[in-house]
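The lines below spell out each chain.
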Amino acid sequence: MHAESEIRIPLILGNKNYRQITDDIISPIEGKAAKGWYILTSICALCFLWGILCLSYTIGVGVGAWGSNNGVDWAWDITNFVWWIGIGHAGTLISAVLLLFRQKWRMGINRSAEAMTIFAVMCAAIFVLLHTGRPWLDYMLFPLPNQYGSLWPNFNSPLLWDVFAVSTYFTVSLVFWYIGLIPDFGMIRDRVIKPWQKKMYSLLSFGWGGSARHWSRFEEVSLVLAGLSTPLVFSVHSIVSFDFATSVVPGWHTTIFPPYFVAGAVFSGFAMVLTLMLVVRKIYRLESYITIMHIEYMNIVIIVTGSIVGVAYLTELFVAWYSGVEWEQYAFLNRATGPLAWSYWIMMGCNVVSPQLFWFKKIRTSIIATFILSIVVNIGMWFERFVIIVTTLCRTYVPSSWNTYSPTFIDIGIFVGTIGMFGTFFLLFSRFFPVIAQAELKTILKSSGESQKKSTQIHHAHH
Amino acid sequence: MTTNKHIIHGIFGDEVPMMEAIKKLRASGIRIKDVFSPMPVHGLDSLIGIPRTRIAICAFIYGLTGLGLATLMMWYMMISDWPNDVGGKPNWQYYFNIPAFIPITFESTVFCAAHGMALTYFLRCWLVPGAKAKNPDLRTTDDKFLVYLDLNDVQAKTAKIILKENGAEEVNQVKSYVVEPKYTLEETH
């Protein structure tokens, strides 16, 4: 059995045994939903519906319905795409990278973080599929034999790399998530009594039995998938950054983009995980599994990635000055002092200053402070993409193509719609799916459970 | 001569006494057919003689397949079928373009390795939608550990004693059946 130092803080609080873990995880599924759940789901579903209406309108009349214009041809669409994709990265980081580093604290949060990844990538996909202008021709993004003869996509283009990266990322994350869910669906199937629930979870559990051979394969598959997902997650946001970095637009054409985008993605993703987790642990009373220590650890990741992002911002400024390229220098001067300077300073405030507050232990262990700051970080990261895309495109090489930008209500509607979709899916997930990987959690109960740790300490004292 | 066989379920509430019991069963030459548990139990595989799974080797082979397919696809589409000259960067030779082809080669490798392995896992364990639950007792996905034995008369007797002595909460003989030998001595003569 895995042994752990006595002075380490337990990961599972309270006096729990295997049965109680089962009971705690299944209670939202067996019990009735609270009034709050219905209210929240209704609000999210309404936003989602509004988004669908705006989306349908865009398909009907074309992307002219958006605020994008001749100079600013990428605006809210790509800002939202990059924002959502970035949010997704935390789920994979928690479930894959922390698995490779044997960080046991991931087990309280990995399931819902991965769910968040999947829903976030779905939201991101909406924007890229829509911004092509004729979404019914999106199949032409893939190298399919077609009626135009030898018309293949350009494999030298980072935009096509992105198609492959995002679709690989989405499908692999989905499979990784589902493989982990199967044993937990098996547990629910064996517990529920209502016939429709029994049927549904039998179907979802794929006939899981928990035999020793299956567990041994399960562990191997999880490990290899983690090993594959780790470089995958870094590649995805690197490739997203190539969309900008390989262009010749001043302010975009920088080699710092891949690491800076990946750090930013993890930064915003962890903020979103915190926003969701703090709500979930409260509603479903999961304080024993998502402890203050989990929150503190996630906040530490936010300090690290937030500081990397801060350093990247400063490096960009330095390199723009040091390069001696006037276009590059102007691009950054324009960001900080131009007509959209307010968005630059929101970005700086939210992403560089606010995470530094987590150096104080009082703040990083406070639930309310964490909740507020996690939302602040997400706003900041949205503005980062807005600054990179819109502020830059407003002022490109030729002053005659200089332009300004403001979103239309359709732009805002689709964005609000994706937030609604994300919320609706996440709320449905938290109601019908096991929100914590209970089978994995049971493996650390003996070594990291609070009461179990105490009893070994007493045992040691006797010797 | 016919043999009587007995299926025995030894149910434990904790993995530590179960592991002890399994060690003793193995020491007296009893084969463990399977163990059902709510979570993976480390060290169990070697104890009951399960060889290490080769699924990672499969993943490697699927990955190589993905790498090969992506290379072939990009060579055919970009170099052989319709070479282009985009922005003064011509596609006359594959090796000219290798840097630009690396991202998709990588993604395709990961895609095939991950999905190939996942499919192999599902089929090898027969985890498919609509498959019947494989655990013989509902409690094994909750908090019980079940040692599944399929033994003859003599071994069944010893196994039951060992299980009980080592803290099994229940020892159930769920089924007994008779195995007819395929060939009797008279027939072979």
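Read on for a plain summary of the structure. These figures come from a predicted structure and were not determined experimentally. Counting restarts for each chain, with residues numbered from 1 along the sequence as it is written. Whichever chain is written first is A, and whichever ligand is written first is 1; the rest continue in order. At least 70 in pLDDT is required for a residue's local features to be given in this predicted model, at least 80 for side-chain atom pairs to be given and counted, and no such filter applies to totals for whole chains, interfaces and linings, which use all residues.

In this section: the overall build of chain B. Helix and strand definitions follow DSSP, with helices as H or I runs of at least four residues and strands as E runs of at least two, each counted in order from the N terminus. Helix and strand counts for chain B stand at 6 helices and 6 strands. In chain B, the succession of α and β elements from N to C terminus is β-α-β-α-α-β-β-α-β-α-β-α. Overall, chain B is about 80 × 50 × 35 Å in size when its C-alpha atoms are taken along their principal axes. Remark: C-beta atoms are placed from the backbone, and a residue is labelled buried if 20 or more other C-beta atoms sit within 10 Å of its own, exposed if 12 or fewer do, or partly exposed between those counts. Taken across its 189 residues, chain B has 37% of its residues classed as buried. Placing C-beta atoms from the backbone, we regard two residues as in contact once those atoms come within 7 Å. Contacts spanning at least 24 positions in sequence make up 81% of the contacts within chain B whose residues lie at least 6 apart.

For the rest of this paragraph, the subject is the interface of chain B and chain A. Each side of the interface is counted separately: chain B has 56 residues, and chain A has 52 residues. Elements represented by at least two residues in the side of chain B that touches chain A include exactly strand 2 (34-36), helix 2 (44-48), helix 3 (55-81) and helix 4 (98-124) of chain B. At 15 residues, the largest contribution of residues to the side of chain B that touches chain A is made by helix 4 of chain B. Any residue that is not Ala, Val, Leu, Ile, Met, Phe, Trp, Tyr, Cys, Pro, Asp, Glu, Lys or Arg is counted as polar, Gly included; the first ten are nonpolar and the last four charged. Here the residues of the side of chain B that touches chain A are counted per class, giving 37 nonpolar, 9 polar and 10 charged.

What follows covers unusual backbone geometry. Even without being glycine, Phe206 of chain A reaches a positive phi, approximately 55 degrees. Tracing the chain through its elements places Phe206 of chain A in the loop between helix 6 (195-205) and helix 7 (212-245). The exposure class of Phe206 of chain A is buried, given the 22 C-beta atoms found within 10 Å. We note that Trp126 of chain B has phi near 50 degrees; this positive angle belongs to a residue other than glycine. Structurally, the position occupied by Trp126 of chain B is in the loop between helix 4 and strand 5 (145-152). Trp126 of chain B gets classed as partly exposed once you count the C-beta atoms within 10 Å, which come to 13.

Let us look at helix 11 (residues 341-353) of chain A. All names here are of chain A. What a helix should span is 1.5 Å times the count of its residues minus one. The end-to-end C-alpha distance of helix 11 is 17 Å, a good match for the 18 Å that 13 residues give at a rise of 1.5 Å each. For helix 11, every residue scored as buried is listed here: Tyr344, Met347, Cys350 and Asn351. Projected down its long axis, helix 11 shows its buried positions confined to an angular sector of 145 degrees, all on one face. Tucked inside the fold, the buried residues of helix 11 contact helix 9 (292-323), helix 10 (326-337) and helix 13 (367-394). As used here, the arc is the angular range of directions from the helix axis to the C-beta atoms.

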